[in-house]
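Descriptive structure summary
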Amino acid sequence: MPRPVVAAAIVDSLEHPTELLACSRAYPQELRGQFELPGGKIEEGEDAVAALEREIAEELGARLRVGERVAPEGGLWWPILGGRVMGVWLAEVAPGSPSPRAGASHVEARWVPIAELAMLPWIGADLPIVEAVVARCGR
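As a starting point, this report considers the structure included with it.

Reading guide: rules and limits
- Residues numbered from 1 in each chain as written.
- Predicted model: local features only at pLDDT ≥ 70, side-chain atom pairs only at ≥ 80, totals over all residues.
- Heavy atoms only, no water.
- Helix = DSSP H or I, 4+ residues; strand = E, 2+ residues; numbered from the N terminus.
- Rg over C-alpha atoms; globule rule 2.2 N^0.38 Å.
- Buried < 20%, exposed > 50% of the residue type's maximum accessible area, 1.4 Å probe, protein only.
- Contact = heavy atoms within 4.5 Å.
- Areas by Shrake-Rupley, 256 points an atom, 1.4 Å probe, with all protein chains shown as cover.
- Salt bridge = Lys/Arg side-chain N within 4 Å of Asp/Glu carboxyl O.
- Core = buried A, V, L, I, M, F, W, Y, C linked by side-chain atoms within 4.5 Å.
- Pairing = 2+ DSSP bridges.
- Polar contact = N/O pair within 3.5 Å; in protein donor to acceptor, adjacent residues only side chain to side chain.
- Phe/Tyr/Trp six-rings, centres within 6.5 Å; stacked < 30°, edge-to-face > 60°.
- Lys NZ or Arg CZ within 6 Å of the ring centre and 35° of its normal.

**Let's talk about the overall build of the protein**
Along the protein, the regular secondary structure elements total two helices and eight strands. Computed over the C-alpha atoms, the radius of gyration of the protein is 14 Å, within 12% of the 14 Å expected from 2.2 N^0.38 for a compact globule of 139 residues. For the protein, the residues scored as buried account for 45% of the 139 residues in total. Summarising the internal contacts of the protein: among those between residues at least 6 apart in sequence, 70% fall at separations of at least 24. Approximately 7000 Å² of the protein is accessible, and the part contributed by carbon and sulfur atoms is 54%.

And the structure:
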């Protein structure tokens, strides 16, 4: 079974979210320009939240304050591409952290109003996750 993946739904504020950081893929070519939640694979023996913090530091150069998990109905992991599963957490940029910026994995990283997220070309597997994030932020 492939290693699980973690991703952050980085919002402008965990308490009163109005924007989410959407990242468009740089590769593979068939996904280039499509949007996703940033993150990556959990290393062997690594805690999921520690993996999330490491991946965001590597990909976006930012530190996070991690909030609650966004899980699918009846489970903790979302099914994604390649038979993998993904755990997703709400997060915000930690105080004193550099602002997130697109690295080698992404063409761009941009703040998008939550109400406009559905207009972006999301990777198909990420779309139901983003819809769940939007619903959670609307509470």
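On we go.
**Details of the pattern of salt bridges**
Inspection of the entire model under this criterion finds ten salt bridges. The shortest N-O distance in the salt bridge between Arg54 and Glu55 comes to 3.1 Å. Under the relative-accessibility criterion, Arg54 is labelled partly exposed at 22%. Residue Arg54 is joined to Glu58 by a salt bridge in which the shortest nitrogen-to-oxygen separation is 3.4 Å. One end of the pair, Arg54, and the other, Glu58, are both in helix 1 (residues 48-60), four residues apart, so they sit about a helical turn from each other. For Glu58, a relative accessible area of 53% gives the class exposed.

**Side note on the nonpolar core**
In this structure, Leu20, Leu37, Val88, Leu117 and Trp122 are the most contacted members of the largest nonpolar core, which totals 24 residues. Where this core is concerned, the elements lending two or more residues are strand 1 (5-10), strand 2 (19-25), strand 7 (85-93) and helix 2 (127-137). Ranked by residue count, the leading element in this core is helix 2, at four residues. If you look at the next biggest cluster of nonpolar residues, it comprises 14 residues, including Leu21, Leu52, Ile56 and Leu64.

**Describing the pairing of strand 7**
For strand 7, a buried count of seven out of nine residues is recorded, marking the element as mostly surrounded by other parts of the structure. Sheet topology note: the strand 1/strand 7 ladder contains six bridges and is parallel. Bridge pairing links Val5 to Met86 in strand 7. In this structure, strand 5 (residues 64-70) lies alongside strand 7, joined through five bridges in antiparallel fashion. Looking at the pairing, Arg69 lines up with Trp89 of strand 7. Sheet topology places strand 6 (residues 78-79) next to strand 7; two bridges connect them, and they run antiparallel.

**Re the environment of Thr18**
One can find Thr18 in the loop between strand 1 and strand 2. On the accessibility criterion, Thr18 (47% relative accessible area) is partly exposed. With residues up to four places along the chain from it excluded, the contact list for Thr18 reads Asp12, Val112, Pro113 and Ile114. Engagement of the side chain of Thr18 in a polar contact is seen with the side chain of Asp12, the distance being 2.4 Å.

**Observations regarding the side chain of His106**
Inspection of the secondary structure puts His106 in strand 8 (residues 106-113). Using a relative accessible area of 4% as the deciding quantity, one classes His106 as buried.

**Digging into the packing of aromatic side chains**
A complete count under the given rule lists one aromatic pair for this structure. The ring of Tyr27 carries Arg25 above its face, with NZ or CZ at 5.4 Å from the centroid. The lysine or arginine in question, Arg69, covers the ring of Trp77, its NZ or CZ lying 4.7 Å from the ring centre.

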